[in-house]
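Fold and geometry: a report
The residues making up each chain are set out below.
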Amino acid sequence: AGILENVRYLAGLVDDVELLIFESDEISPIPSAAEVRELSRIARDNGLTYTVHLPLDLWLGAADEAERSASAGKVRRIVERMAPAEPFAYVCHLNGDRPGPVPSAHPDRWAGQCRRSLEEIVRSVAPQRICVETLDYPFPFAEGPVRGLDLGVCLDAGHCRLHGYSAQEIIRDHGPRIRVMHLHGVADGRDHRPLSCMDTEELAFLSSWAGGDATVPRVLTMEVFSRASFEQSLRSMAAFLRD
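Here we summarise the structure given alongside this text.

Calculation notes
By convention here, each chain's residues receive numbers from 1 onward along its written sequence. Local features in a predicted model are, by the rule used here, given only for residues with pLDDT of at least 70; side-chain atom pairs are given and counted only at 80 or more, and totals for whole chains, interfaces and linings are based on all residues. Side-chain measures here rest on the full set of heavy atoms in the structure, leaving out hydrogens and waters. Note on conventions: DSSP H or I runs of at least 4 residues are helices, E runs of at least 2 residues are strands, and numbering of each starts at the N terminus. Throughout, radius of gyration means the C-alpha value; the globule benchmark is 2.2 Å times the number of residues raised to the power 0.38. Burial status follows relative accessibility: with a 1.4 Å probe on protein chains alone, a residue under 20% of its type maximum counts as buried, one over 50% as exposed, and anything between as partly exposed. Contact between two residues is taken to exist if any of their heavy atoms lie within 4.5 Å; hydrogens are not considered. By arc we mean the arc of the directions from the helix axis to the C-beta atoms, nothing more. By the criterion applied in these results, polar contacts are pairs of N or O atoms within 3.5 Å in which, for protein atoms, one can donate a hydrogen and the other can accept it, and in which residues neighboring in sequence qualify only through two side-chain atoms. Throughout this description, the term salt bridge denotes a Lys or Arg side-chain nitrogen within 4 Å of a carboxyl oxygen of Asp or Glu.

Our next topic: the overall build of the protein. A tally of helices and strands in the protein yields 9 helices and 9 strands. Radius of gyration (C-alpha) of the protein: 17 Å, near the 18 Å computed for a compact globule of 243 residues. In terms of its C-alpha atoms, the protein occupies a principal-axis envelope of roughly 50 × 40 × 35 Å. Expressed as a percentage of the 243 residues in the protein, the buried residues total 50%. Put simply, of all contacts in the protein between residues at least 6 apart along the chain, 73% involve residues at least 24 apart.

Buried within helix α1 (residues 3-10) are the following residues: L4, V7 and L10. Down the axis of α1, the buried side of the element spans an arc of 135 degrees, and every buried residue falls inside it.

What follows deals with the side chain of Q113. If you trace the backbone, Q113 turns up in helix α4 (residues 107-121). Reaching out from Q113, the side chain makes a polar contact with the side chain of E65 at a distance of 3.5 Å. When near neighbours in sequence (up to four residues on either side) are disregarded, Q113 contacts L60, G61, A62, A63, E65 and R68.

With that settled, consider the pattern of salt bridges. Per the stated rule, a full pass over the model turns up 13 salt bridges. Salt-bridge contacts for E120 lead to R68; the nearest nitrogen and oxygen are separated by 2.9 Å. Taken together, the residues span a long stretch of sequence, with E120 in helix α4 and R68 in helix α3 (residues 65-82) at a distance of 52 residues. According to the relative accessible area criterion, R68 is buried, its value standing at 1%. Residue E119 is joined to R115 by a salt bridge in which the shortest nitrogen-to-oxygen separation is 3.1 Å. One end of the pair, E119, and the other, R115, are both in helix α4, 4 residues apart, so they sit about a helical turn from each other. Residue E119 is classed as partly exposed on the basis of its relative accessible area, which comes to 34%. Given the relative accessible area of 31%, R115 is considered partly exposed. Salt bridges linked by common partners bring R8, E38, R41 and D45 together as one network.

The structure is reproduced here in structure tokens:
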């Protein structure tokens, strides 16, 4: 189903919905102005907030200037279109030039291009509302733009688990910047599995930390992509809260 159908289903079940504007315009287009008005109405009627996951096919650190500029422009168009819905945050991937633990053969150049793109983006939105997500490389590669522009952070605990990085180290280094946390299980080398696949102690720690400081508003997203996984994850979270 589309964004509106999913939001209507989730409105009575959660406090925040992550809106996935994931791929190219042909696969998952930017919501129309009419859809954004309806999203705003649903939010008002249900005490709901949104986070917006920006497209995966962004190349904000691209060496090619036209490609970099086009990606930054796409983000600005999304931010401007979604503004009436007042998203809590925009989750942003700083994709590397290549997959793996080193995002580029020229990491300083890549980070400089990322910063240039982000400087353009924050002309349209408060820097803290752009939350740079932890991916398949160590987060220090992205720290220059994040710290330099006072951006937010999206701690994706599933990505950390899948790629062998420490979520607790990111909390130690960036705790006040972390405005969004993504929780999902990892099993058989695959992420975005139900929370029942998470280590119980890890789920307890991360959930407790995310809600432990009332002075820093945060969104905790169960980032799963099917109704069955969502319902399993709700049961896991409910059992943890009862304990």
